[in-house]
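One letter stands for each residue in the lines below.
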Amino acid sequence: MTIGILALQGAFIEHRYKLDALGVDSFEIRQAKDLDRKMDGIILPGGESTVMYKLIQDLNMEEKLISLIKNGLPIFGTCAGLLLLSENVQNFDYAYLKTMHITTVKNAYGRQLGSFKTTATFNHEETIDMIFIRAPYIQHVGKDVLVLSVVDDKIVAARQGNQLVTAFHPELTNDLTVHKYFIDMCKV
Ligand code: GLN
C-alpha cells in the first residue's frame, strides 16, 4: 500500500510519520506528474487552504485531483484539507475543489485565539485527543455524509464514500485511530 501526501505547504511531514508508524509507504506529491504515480490514497494536510489551493492551480493539479477523487481514490483532508474538499465555505469568498457535500466555516473559532485541545469520540468508538488550530467546523452535511465526530455540537469529522475529513489534526497527537481508519478505507 502506498499513500501520496500533498506536500506543497503545511503539516505534511507529520502525516508521513503516522504512516511510517503504521508500516505504510508514502511519498510526497509536489508536482502534477506525481499524481500519475500508483497510489492507494491521498492525504491533504493542514496549513492554509487559500495558499494551498493557489499552488494546486498554479501547478496544474486541480483537474487531475478532482478526477482522481471522483473516480473513487480514497482521500483524507485535515483542517485546511477539509476546507479544500468542501462544497461550500462560509466566512470566505469562494470554495475550492468542492468534491464533498459539506458546508464548512473557515476560521470558525476565531483567527488568533482559535487553537485548543479537547477529547471526544471518533466514529462513535474510540475516545481520542483532538488538536484544533485555527480550525474550521462543518455546519451542514449532505444526506450521503456520515458524521464521525462532534465537539460542542459542531461536526468536526465526517465521511462521504471515499472522502474523509477532520477539522482537527490527528497527525499531531500520539494516537493512530484516524489514520488507521483511513488506511482501512484504502484497503477496499
Ligand atoms: N485556518 C486555516 C485555513 O483556513 C486552516 C488551519 C489549519 O489547517 N490548521 O485554511
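Above this text sits the structure in question.
Enquirer: Quick rundown of the overall build of the protein chain? Include the residues and the values.
Expert: Helix and strand counts for the protein chain come out as 5 helices and 12 strands. Whereas a compact globule of 188 residues would reach a radius of gyration of roughly 16 Å, the protein chain reaches 15 Å, a difference of no more than 12%. For the protein chain, the C-alpha atoms occupy an extent of roughly 40 × 40 × 30 Å along the three principal directions. Among the 188 residues that make up the protein chain, the fraction classed as buried is 54%. Intrachain contacts of the protein chain at a sequence separation of at least 6 include 62% that bridge at least 24 residues. Surface summary for the protein chain: the accessible area is close to 8,600 Å², and the carbon and sulfur share equals 46%. Of the charged side chains in the protein chain, 19 are positive and 22 negative; the average position of the first set lies 3 Å away from that of the second.

Enquirer: Could you give an account of the packing of aromatic side chains, naming the residues involved and the relevant values?
Expert: Per the counting criterion, the structure on display carries 12 aromatic pairs. Here Phe76 and Phe182 contribute two aromatic rings whose centre-to-centre distance is 5.4 Å and whose plane-to-plane angle is 45°, an arrangement assigned as tilted. With Phe76 in strand 4 (residues 75–78) and Phe182 in helix 5 (residues 177–187), this residue pair connects regions lying 106 residues apart in the sequence. Like Phe76, the residue Phe182 is buried in the burial classification.

Enquirer: I'd like a rundown of the site of the ligand, residues and numbers included.
Expert: Around the ligand lies a shell formed by Gly46, Gly47, Glu48, Ser49, Cys79, Ala80, Leu83, Lys106, Asn107, Ile133, Arg134 and His169. Taking Ile133, its main chain carries an N or O atom lying 3.0 Å from a nitrogen atom of the ligand. The backbone of Arg134 places a nitrogen or oxygen atom 2.8 Å from a nitrogen atom of the ligand. Relative to its unbound accessible surface of 300 Å², the ligand loses 98% to contact with the protein.

Enquirer: Outline the pattern of salt bridges, listing residues and values.
Expert: Should their charged atoms come close, side chains of opposite charge can pair. Per the counting criterion, the structure on display carries 8 salt bridges. A salt bridge links Arg16 to Glu28, with the nearest nitrogen and oxygen atoms 3.3 Å apart. Within this pair, whereas Arg16 is found in helix 1 (residues 13–21), its partner Glu28 is found in strand 2 (residues 25–29), the two being separated by 12 residues in sequence. Since its relative accessible area comes to 23%, Arg16 is described here as partly exposed. Salt-bridge contacts for Lys64 lead to Asp36; the nearest nitrogen and oxygen are separated by 3.1 Å. Of this pair, Lys64 sits in helix 3 (residues 62–70) while Asp36 sits in the loop between strand 2 and strand 3 (41–44), placing them 28 residues apart in sequence.

Rules used in this analysis
- Residues numbered from 1 in each chain as written.
- Predicted model: local features only at pLDDT ≥ 70, side-chain atom pairs only at ≥ 80, totals over all residues.
- Heavy atoms only, no water.
- Helix = DSSP H or I, 4+ residues; strand = E, 2+ residues; numbered from the N terminus.
- Rg over C-alpha atoms; globule rule 2.2 N^0.38 Å.
- Buried < 20%, exposed > 50% of the residue type's maximum accessible area, 1.4 Å probe, protein only.
- Contact = heavy atoms within 4.5 Å.
- Areas by Shrake-Rupley, 256 points an atom, 1.4 Å probe, with all protein chains shown as cover.
- Lys, Arg positive; Asp, Glu negative; His and termini not counted.
- Charge placed at Lys NZ, Arg CZ, Asp CG, Glu CD.
- Phe/Tyr/Trp six-rings, centres within 6.5 Å; stacked < 30°, edge-to-face > 60°.
- Near = heavy atom within 4 Å.
- Polar contact = N/O pair within 3.5 Å; in protein donor to acceptor, adjacent residues only side chain to side chain.
- Salt bridge = Lys/Arg side-chain N within 4 Å of Asp/Glu carboxyl O.

Read these as spatial facts, not as claims about activity.
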